[in-house]
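Tertiary structure, described
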Amino acid sequence: MRYTVNEQGYYGDFGGAYIPEMLYPNVEELRQQYLQIIGDAGFKNEFDQLLKDYVGRPSPLYLAKRLSEKYGANIFLKREDLNHTGSHKINNAIGQILLAQRLGKKRIIAETGAGQHGVATATVCALMGMQCVVYMGEIDMERQAPNVARMKMLGATVVPATSGSKTLKDATNEAMRDWIGNPVDTHYIIGSVVGPYPYPEMVAQFQSIISLETKKQLLEQTGKELPEYVLACVGGGSNAMGMFYHFLEDEQVKLIAVEAAGKGVDSGHSAATSVLGREGILHGSRTILMQTDDGQVVEPYSISAGLDYPGIGPQHAHLHKIQRAQYVNITDDESLQAGLLLSQLEGIIPAIESAHAFAYLEKMKFEKDDNVVVCLSGRGDKDLSTYIKHFGF
Ligand SMILES: *Cc1c(COP(=O)(O)O)cnc(C)c1O
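Report on the accompanying structure. (Residues numbered from 1 in each chain as written. Predicted model: local features only at pLDDT ≥ 70, side-chain atom pairs only at ≥ 80, totals over all residues. Heavy atoms only, no water.)

**A word on the overall build of the protein**
Note the threshold: For the purposes of this entry, the term helix denotes a DSSP run of H or I that reaches at least four residues, the term strand denotes a run of E that reaches at least two, and both are numbered from the N terminus. For the radius of gyration, the atoms used are the C-alpha atoms, and the globule rule reads 2.2 Å times the number of residues raised to 0.38. Only protein chains enter the calculation, and the probe is 1.4 Å; a residue is then buried if its accessible area is under 20% of its type maximum, exposed if over 50%, and partly exposed in between. The criterion used for residue contact is that any of the two residues' heavy atoms lie within 4.5 Å. For the accessible areas, the method is Shrake-Rupley and the probe is 1.4 Å, while residue cover comes only from the protein chains on display. Charged residues are defined here as Lys and Arg on the positive side and Asp and Glu on the negative side; His and the ends of the chain fall outside this count. To locate a charge, take NZ of a lysine, CZ of an arginine, CG of an aspartate or CD of a glutamate.
In terms of helices and strands, the protein carries 16 helices and 14 strands. For 393 residues, the compact-globule estimate of 2.2 N^0.38 gives 21 Å, and the protein sits close to it at 19 Å. The principal-axis extent of the C-alpha atoms belonging to the protein is close to 55 × 45 × 40 Å. Counting over 393 residues, the protein shows a buried share of 60%. A fraction of 73% describes how many contacts in the protein between residues 6 or more apart in sequence connect residues 24 or more apart. Accessible surface, the protein: about 15,400 Å² in total, of which carbon and sulfur atoms supply 51%. Both charge centroids of the protein, one from 36 positive and one from 46 negative side chains, sit 3 Å from each other.

This is how it looks when you write it as structure tokens:
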């Protein structure tokens, strides 16, 4: 109970819905209806069926032998990289499109940074025959050109966000503006555990399939449901929240959330929110965010577009404050090294986002029989040009 949301949409001091009055009807409609809709047996059946037959769940829990040998513990990878479209983001997109249908919506909007959430959203819109508009920062469109092409091929309209720093936070602002202008027919699919309540809770529930499966798989493979450690990278925090969800009440499981330090926490080019951030309002919720003394959002930086976000979701802010999870950070260089290591020890090229979680294994000390689960949130195909540039292949 200490970890979950209260009636007002707060996790301890964080959360809520700080939105312009014009957005109030949209968010209030969601708040009033989502629990009943996703609790319905018909919804659950369709969600489970699509996760199985379309996404390819359950995703495997893989005991990485050579990695385990290197670190002296049993390292298990939760293979969200094997999902259709290549990351965990599809879990949430499927849940929200089913919800949008039941709310009678005809048009979907989304924001995207790395392009992964945009691709997941464009994918489920194609699947359901819904109109799709994705807002993306102009700079991110250049950095992630293959994902822009994917979205277009899937039938989505990609609109460049040209204001501010031309990245994720600007795309989010544009999407909110669109939603204000189209309150009746449009559903806004937010891609992480951020935004006004009920989004953080809803997205966490859709992603919680990750830890639900992991518990069962650990029990089958090791005879124990609980590992010693669970690690995941944190941008907004959705793969981490999904990976932590069913372990929150199991206090003996150590939860480790890995943020992007970028070029170093003190370099001025970082996205390590838990170290650099202070409490404030970001994208409709009270959380921790990187801001100047007069409250301007500080531009974050990470080599991985998916971790390049100035805040963390409100539930993470709470878990950080009460120290239920430990928040650590990893630099660009450390993450690229970890990506190379995983490629050459296990034959798996990870997304650079996910590589941040693996890099932290280097800094941990294990007992021989420790079971450690790392969320492999996505595959590295989209990041190949970055790896090539760094390593000079
Ligand atoms: C988007 C993304 C992330 C970061 O988002 P979270 O909401 O923090 O999970 C991490 N890994 C991959 C592969 C992504 O695409």
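There is more to say after this.
**Quick look at the site of the ligand**
Selection criterion: Residues are counted as near a molecule or strand when any one of their heavy atoms sits within 4 Å of it. Definition of a polar contact: a pair of N or O atoms within 3.5 Å, with one able to donate and the other able to accept a hydrogen when the atoms are protein atoms, and with sequence-neighbouring residues admitted only if both atoms are side-chain atoms. Each residue is assigned to one of three groups, with Ala, Val, Leu, Ile, Met, Phe, Trp, Tyr, Cys and Pro labelled nonpolar, Asp, Glu, Lys and Arg labelled charged, and all others, Gly among them, labelled polar.
In the region of the ligand, 16 residues are neighbours, and K89, S192, G235, G237 and S238 sit closest. In this structure, G237 approaches the ligand through a main-chain N or O atom, which is 2.7 Å from an oxygen atom. Here an oxygen atom of the ligand sits 2.8 Å away from a polar atom, N or O, in the main chain of N239. A total of 380 Å² of accessible area belongs to the ligand in isolation, and the protein chains cover 97% of it. Residues belonging to the shell around the ligand are distributed by class as follows: 3 nonpolar, 11 polar and 2 charged.

**A look at the pattern of salt bridges**
Rules: Should a side-chain nitrogen of Lys or Arg be within 4 Å of a carboxyl oxygen of Asp or Glu, the pair is scored as a salt bridge.
In total, this model carries 22 salt bridges according to the counting rule given. Between D369 and K368 there is a salt bridge, with its nearest N and O atoms 3.4 Å apart. Like D369, the residue K368 is exposed in the burial classification. Linked through salt bridges whose partners overlap, the residues forming this network are D13, E279, R286 and K321.

**Looking at the side chain of N92**
Positionally, N92 belongs in helix α4 (residues 89-102). For N92, a relative accessible area of 0% puts it in the buried group. In this structure N92 touches H117, I189, I190, G191, V203, F206 and Q207, once residues within four positions along its chain are discounted.

**Quick notes on unusual backbone geometry**
A cis geometry characterises the amide bond from R57 onward to P58, with omega recorded as 0°. You can see P58 is positioned in the loop between α2 (41-55) and β3 (61-63). Residue Y197 is joined to P198 through a cis peptide bond whose omega torsion reads 15°. Counting through the fold element by element, P198 comes out in the loop between β8 (186-189) and α9 (199-207). The backbone of T85 sits at a positive phi, close to 75°, despite the residue not being glycine. By secondary structure assignment, the location of T85 is in the loop between β4 (74-79) and α4.

**Considering the side chain of S304**
Looking at the secondary structure, you find S304 in the loop between β12 (285-289) and α13 (314-321). Here S304 falls in the buried class, since its relative accessible area comes to 1%. When neighbours within four sequence positions are excluded, S304 is seen to be in contact with I352, E353 and H356.

**Quick notes on the sheet that holds strand β14 (residues 371-376)**
Note the threshold: Here, strands pair whenever DSSP counts at least two bridges between them. Only the stretch in contact is used when fitting a helix axis, every axis being a line fitted to C-alpha atoms; angles between N-to-C directions are given from 0 to 180 degrees.
Spatial strand order, β3-β4-β14-β9-β10-β13: 6 strands in an open sheet with mixed pairing. In the strand order of this sheet, the two ends are held by β3 and β13 (325-331), each with one partner. Each neighbouring strand pair of the sheet contributes to a mean axis angle of 25°, computed without reference to strand direction. Across 7 bridges, strand β10 (residues 254-262) lies against β13 in parallel orientation. Looking across to β13, one finds that G262 is bridged to T331. This element, helix α14 (residues 332-346), spans β3, β4, β10, β13 and β14 of the sheet and lies at about 90° to β13.

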